[in-house]
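Survey of secondary and tertiary structure
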Amino acid sequence: MDCSARTVGMEQNKKTSLCAGVVGLGLIGGSLGLDLQALGWKVNGLVHRSSTADRARARGLAHLVSTDPGILADCDLVILALPLAQLLNPDPNLLKALPTAAVVTDVGSVKMPVLELWRDLHPRFVASHPMAGTAEAGVEAGLRGLFQQRPWVATPDNQTDLEALELVRRFALSLGSQWFTADAANHDQAVALISHLPVLVSAALLRTVGEERDPAVRELARVLSSSGFADTTRVGGGNPQLGTSMAESNTAAILRGLAAYRWSLEQLEEAVLNGHWSQLKAELERSQALRPSFLVAANNDLNSPPVTDDLAEPLAGDRS
């Protein structure tokens, strides 16, 4: 396959396929590799360890898999599917290998610090975040269709290359994602509330039950726990490194969310402490009324018709 560099604004210089470089082939990167290959892209995967490269090849996560950043040289689009810590402290060899003409995007769940760093590291960087995932991790976790009908959020600023942003938009739509743009600070606060805060709240609940001092009560709670407890604590039992990285990279937003959560919890505690059952009932009725609006949004995403925006077509110029 011809993988010569080609950018969004170039003339009508068609080729058989586009070339994507995926840096990191864990859950998100591996899923992207599988989906992009199905869409006709040539996919070059960059990983850190040779043992990971062997497993990625065995799973067919990319056409080419290497530990050498030079594999990115001919890519039109490079997706940084890296942990936040590595995004915020990038490997100098990776930076040297990124083609200047390529569009570069990331998949990190915190956008402000990533955008502030990367807009000065690459001229065609687009900060973005697919809201998709599973409880699995690592090179064995990638799967087809992970991004179908899931939000994909970009957080451009006034320095963002608009043609690069358009390529990332069409790329996300071709995966079946729902496209959004947002201010980076607003994104980080919203994600703190609906993704990062639940990790800490869930972890606190797990600790409360798991560290119950009476062993008989603790054991009984363990054997009686069912789907409600499992649903409530799922994210708190996830990857500790990921949770720590989220908190470290989105500290101010998470602290604001924790303060608001603490206040709400104190209102419920006060009602129980003072036997104000009508107040407690009113609080629970309010929470009951709030929940459907979030479920409707999620269901709308899942039930929307597939988006067709074929990136195999020319990215600019004559589309006839």
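Just above, that's the structure.
Right, let's walk through the structure included here. (Residues numbered from 1 in each chain as written. Predicted model: local features only at pLDDT ≥ 70, side-chain atom pairs only at ≥ 80, totals over all residues. Heavy atoms only, no water.)

**Thoughts on the side chain of Asn 44**
Tracing the backbone through its elements, the reader meets Asn 44 in strand β2 (residues 42-46). Not counting residues within four places of it along the chain, the set of residues in contact with Asn 44 comprises Cys 19, Ala 20, Gly 21, Val 22, Ala 62, Leu 64, Ile 71 and Cys 75. (Helix = DSSP H or I, 4+ residues; strand = E, 2+ residues; numbered from the N terminus. Contact = heavy atoms within 4.5 Å.)

**Notes on the sheet that holds strand β7 (residues 128-130)**
Read from one edge to the other, the open sheet built from 3 strands follows the order β7-β8-β9, with strand pairing classed as mixed. Two strands lie at the open edges of the sheet, namely β7 and β9 (178-181), each paired on one side alone. Averaged over all neighbouring strand pairs, the angle between strand axes comes to 20°, with direction disregarded. (Pairing = 2+ DSSP bridges. Axes fitted to C-alpha atoms, helices over the stretch in contact; angles between N-to-C directions.)

**Looking at the packing of helix α7 (residues 184-210) against helix α11 (residues 251-273)**
Where α7 contacts α11, the two axes come as close as 9 Å, and the packing angle between them is 65°. Seen from above, α7 lies across α11 with right-handed handedness. Between α7 and α11, the contacting residues are Asp 188, Gln 189, Ala 192, Leu 193, His 196, Leu 197, Leu 200 and Val 201 on the first element and Ala 253, Ile 254, Arg 256, Gly 257, Leu 258 and Tyr 261 on the second. Its residues placed into classes, the contact of α7 with α11 shows 9 nonpolar, 3 polar and 2 charged. (Left-handed = near helix turned anticlockwise from the far one by under 90°. Nonpolar A, V, L, I, M, F, W, Y, C, P; charged D, E, K, R; others polar.)

**Some details on the sheet that holds strand β4 (residues 77-80)**
As summarised here, the arrangement of the 6 strands in space is β3-β2-β1-β4-β5-β6, forming an open sheet in which the pairing is parallel. Strands with a single pairing partner mark the edges of an open sheet, and in this sheet they are β3 (64-66) and β6 (125-126). Strand direction decides the pairing type here: strand β1 (residues 19-23) and β2, joined by 5 bridges, are parallel. Paired with Val 22 across the bridge in β2 is Gly 45.

Purely spatial values, then, with no claim about function.
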